[in-house]
Amino acid sequence: MGVIELHGLRKEYRRIRGGRTVAVDGLDLEVPDGGVFGFLGPNGAGKTTTIRCVLGLVRPNAGHLTLLGADVSSGLAGVIGKVGSIVEQPALFPRFTGRRNLQILGRIHRVGRSTIDGVLERVRLSERADDAVRTYSLGMKQRLGIAAALLKDPSVLLLDEPANGLDPAGIVEVRELIRSLGAEGRTVFVSSHILSEVQQTADQVAIIARGRLVKAGPVNEVLAAGRARGLVVKLADLHAGARVLADAQIPAIVSGDTLSVDLPPDQAERVTRVLAARDLYLSELRADEIDLETVFLELTKDEGLGP
Amino acid sequence: MIDLFRSELLRSRSRRILPMMLVGGVLLIVVAMVIAGANSHKPTPAQIASADAAFKKQFARCMQGQFLGPGEQPPPGYATLQEFCTEAATPPVDAGLQFRDIALLLEHTSTFVVLLGVALAASLGGADWSAGTMTTLLTWEPRRIRVLLIRALVVSLLVAFVTLLLQGVLLGAFSLAVALRGTSLGAPPGLVGTAVLTGLRVSTVAVGFGLVALAIATIGRSTVAALGVLFGYLVLFEGVIAGLRPSIQDRLLVRAGGVIVSRQPIYDQSHESFSSLGPSSPLPVLLGLTEAWIVAAVYVVVLIALALFVFRARDVN
């Protein structure tokens, strides 16, 4: 049984001028226990609405949701103590200090002072804990939001775009934090439209577009779903190399300062042998790793959201 | 439940509006009392003797029933004729500050005190929506009915605390000003108790209006919406309605609050029976004290119930 399970989740919003917008359209999803689960989709795909439904902030029009085995519509209060979350931007009182914000939340679940100090230390905000939140940078606010989510020592974390608006250093910090949380055995459900972020942190991934699930599974499997992998070859005379490979029935084209060879990585040895036989020596040979971004664009192309 | 209450209390008392109101209120009271004291003076012994004699004469006339119509009873709110006469007979001292006005002072400042309560409650109710922290709060406590009821309790306590404190400061400052620059001549026994009860009634009304403001802030999800709607309704709508159809005053919140504070019922002035029934027939009461409590309670309960329904049903985006 998944930590989070969605079956046929549907959410529509009424437009002010009539009509309806379907934010989530019959979404089925099962998030396994432990590790980092990436929830990918372009802006407007329904990621935030899905998270809001899981947290009971938004009532779905149809479908069934469970969180930690509890029915979200009736039993959420029983499990919310094990769930930490950030929905969009961390919403905190700007005029209160970071510590005071955490104290206010912590009192609801009797979180002690030492726990507050601990999470502040963990997100490296101890030195600024007694400053007003309005003086924090965006990255610090995001870290404070994560600290608030960690206060309950949750077994499940739902983080909605946690790296949004962060500078590169902040992104790396958040990425490392998410990785470490997943490595502790917690289930970290991270939504993002920054694909490289999810690729570097997630064990499992689900891609949604227009409120529908496009693909889900382990990151490697989803990556493999995009297109067959090839090889990237670098050598002094690219055009000569392409001719030699073509003579050996190996398709290759010049792509920038490399050759793209349409051959599975496990047949790389054929390429080196054919080229070396014609006195063409490689300076680089590597698998043409497809990244999640390419897969994402290819998969969502069918949904009319790709390039 | 207790933990949520403590969290809400901590959140509410951490808000800037609370010390701002307290400091601002105390400063206003001090300035007002300094000005009042500057324009007052202690009566001379001759003035005191003359006023005392005049007071005794007035009191005696009142006790003979000369302050009331033939066969007329003391107005509602006065248990005995003596109680009525103690207030009705005033020593004619032109000395400015008089201690016997202390309960009246609280009545006259009640509008300001109630407005403070409304502003405080609207701010506490709307702040979470404007800061977006309602989302955060509900991810900690998803039982919305519980959240709003606890919030209503906290708002009630804070409004009561602020209004009682400020009225206490006002009583203290007024007493000091009277001691230095006024007179306690003609102050009836039990005046302080009457003043305290008036203060309690004012605070109770402030709490009621505060709960109405909280309910509107919750429904409109904004402090500004709450203040705008409430003032629009109370000042414009109720004012216009009361002007156009005086007979409907028995259903208006502001009128009910006024009756509760002053303990003076509203009479049906439009009643034509005064002349036809003769001068001995008193005007019919349009809104009595008990009815005023009921009207105010109905407003509070209905609006809080509506806020609970809306808060529970609507998505939090």
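About the thresholds
Residues numbered from 1 in each chain as written. Chains lettered and ligands numbered in written order. Predicted model: local features only at pLDDT ≥ 70, side-chain atom pairs only at ≥ 80, totals over all residues. Heavy atoms only, no water. Core = buried A, V, L, I, M, F, W, Y, C linked by side-chain atoms within 4.5 Å. Buried < 20%, exposed > 50% of the residue type's maximum accessible area, 1.4 Å probe, protein only. Helix = DSSP H or I, 4+ residues; strand = E, 2+ residues; numbered from the N terminus. Disulfide = S-S within 2.5 Å. Domains from an automatic or database assignment. Contact = heavy atoms within 4.5 Å. Buried area = accessible area lost by both parts, 1.4 Å probe. Salt bridge = Lys/Arg side-chain N within 4 Å of Asp/Glu carboxyl O. Polar contact = N/O pair within 3.5 Å; in protein donor to acceptor, adjacent residues only side chain to side chain. Axes fitted to C-alpha atoms, helices over the stretch in contact; angles between N-to-C directions. Parallel < 35°, antiparallel > 145°, perpendicular 65-115°, else oblique. Left-handed = near helix turned anticlockwise from the far one by under 90°. Nonpolar A, V, L, I, M, F, W, Y, C, P; charged D, E, K, R; others polar. Pairing = 2+ DSSP bridges. Patch = residues over 30% accessible without salt bridge, like charges linked within 9 Å, V, L, I, M, F, W, Y side chains within 5 Å. Areas by Shrake-Rupley, 256 points an atom, 1.4 Å probe, with all protein chains shown as cover. Expected span 1.5 Å × (residues − 1).

Focus: the nonpolar core
- In terms of nonpolar packing, the biggest core is built from 155 residues, with I4, L67, L102, L158 and F189 of chain A together with L120 of chain B touching the most fellow members.
- A per-element tally of this core places helix α8 (residues 144-181) of chain B first, with 16 residues.
- By size, the runner-up hydrophobic cluster in this structure holds 18 residues, among which are L235, L245, V261 and A268 of chain A.

Considerations on the state of the cysteines
Residues and elements named next belong to chain B.
- All chains considered together, the criterion is met by 1 disulfide over all chains.
- There is a disulfide in this structure between C62 and C85, and the S-S distance comes to 2.0 Å. Its torsion about the S-S bond being -80 degrees, the disulfide of C62 and C85 is classed as left-handed. Of this pair, C62 sits in helix α3 (residues 45-63) while C85 sits in helix α4 (residues 81-88), placing them 23 residues apart in sequence.

A short note on the domain arrangement of chain B
All names here are of chain B.
- Taken domain by domain, chain B comprises domain 1 (2-41 + 97-313) and domain 2 (43-94).
- One C-alpha centre belongs to domain 1, the other to domain 2, and the line joining them spans 32 Å.
- Counting residues at the interface gives 12 residues for domain 1 and 16 residues for domain 2.
- Across the interface of domain 1 and domain 2, roughly 1100 Å² is buried in total on both sides, 57% from carbon and sulfur atoms.
- Of all residues in domain 1, H41, R100 and L185 bury the most surface against domain 2, accounting for 43% of the area lost on that side.
- Linking domain 1 to domain 2 there are 0 salt bridges.
- The interface formed by domain 1 and domain 2 contains 0 residue pairs in polar contact (both at pLDDT 80 or more).

A closer look at the packing of helix α9 (residues 238-247) of chain A against helix α10 (residues 268-277) of chain A
Residue and element names in this part refer to chain A.
- Where α9 meets α10, the axes come as close as 10 Å, and the angle between the chain directions of the two elements is 110 degrees. Classified by the interaxial angle, the pair formed by α9 and α10 is roughly perpendicular. Judged by the twist between their axes, the crossing of α9 over α10 is right-handed. In this structure, α9 uses G241, V244 and L245 to contact α10, whose residues at the interface are V271, V274 and L275.
- Taken together, the residues of the contact of α9 with α10 break down into 5 nonpolar, 1 polar and no charged.

As for the interface of chain A and chain B
- With 31 residues of chain A in contact, the opposing surface of chain B contributes 28 residues.
- Taken together, both faces of the contact between chain A and chain B bury some 2700 Å²; the carbon and sulfur share is 60%.
- At the junction of chain A and chain B, the tally comes to 2 salt bridges.
- With its nearest N and O atoms 2.8 Å apart, the salt bridge here joins R110 of chain A to D3 of chain B.
- Where chain A touches chain B, the interface holds 13 residue pairs in polar contact (both at pLDDT 80 or more).

So, the sheet that holds strand β9 (residues 204-209) of chain A
Residues and elements named next belong to chain A.
- Taken together, 6 strands build an open sheet; the order of strands is β6-β7-β8-β3-β9-β10 and the sheet is mixed. Strand pairing shows two members of the sheet lacking a second neighbour, β6 (83-86) and β10 (212-218), which therefore form its edges. Here the average twist between neighbouring strands, direction ignored, is 15 degrees.
- In terms of strand pairing, β6 meets strand β7 (residues 156-160) through 4 bridges, oriented parallel. Counterpart to V83 in the pairing with β7 is V156.
- Sheet strands touched by helix α5 (residues 138-150): β6 and β7. Its angle to β6, the strand with the most contacts, is close to 160 degrees.
- Across the sheet, helix α6 (residues 168-183) touches β3 (35-40), β7 and β8 (187-192), and the angle it forms with β8 is around 150 degrees.

What about the pattern of salt bridges?
Residues and elements named next belong to chain A.
- Summed over the entire model, instances satisfying the criterion amount to 25 salt bridges over all chains.
- In this structure, E12 engages R20 in a salt bridge whose closest nitrogen and oxygen atoms are separated by 3.1 Å.
- Connected through shared salt-bridge partners, R10, E12, R20, D25 and R212 make up one network.

Quick look at a nonpolar patch on the surface
All names here are of chain B.
- Taken together, L164, V192, V196, L197 and L200 make up a surface patch of nonpolar side chains, about 410 Å² in accessible area.
- Considering each element in turn, the nonpolar patch owes the most residues, 4 residues, to helix α9 (residues 191-220).
- The exposure class of V196 is partly exposed, given its relative accessible area of 42%.

Quick word on α5 of chain A
Residues and elements named next belong to chain A.
- With 13 residues, α5 extends 18 Å between its outermost C-alpha atoms, agreeing within 8% with the 18 Å of an ideal straight helix rising 1.5 Å per residue.
- The element α5 is extensively covered by neighbouring structure, given that 11 of its 13 residues are classed as buried.
- For α5, the complete set of buried residues consists of G139, M140, Q142, R143, L144, G145, I146, A147, A148, A149 and L150.
- Where α5 is buried, its residues touch β6, α3 (98-108), α4 (113-122), β7 and α6.

With respect to the sheet that holds strand β14 (residues 282-288) of chain A
All names here are of chain A.
- Pairing in this open sheet of 4 strands is antiparallel, and the strands run β12-β13-β11-β14 from one edge to the other. Looking along the sheet, the strands with just one partner apiece sit at the ends: β12 (252-255) and β14. Along the sheet, successive strands turn relative to each other by an average axial angle of 25 degrees, direction set aside.
- In this structure, strand β11 (residues 230-235) lies alongside strand β13 (residues 258-261), joined through 3 bridges in antiparallel fashion. Residue L231 lies in a different strand from β13, and its bridge partner there is V261.
- Those strands touched by α9 are β11, β12 and β13, and its axis lies near 20 degrees from that of β13.
- Against the sheet, α10 touches β11, β13 and β14, its axis set at about 30 degrees to β11.

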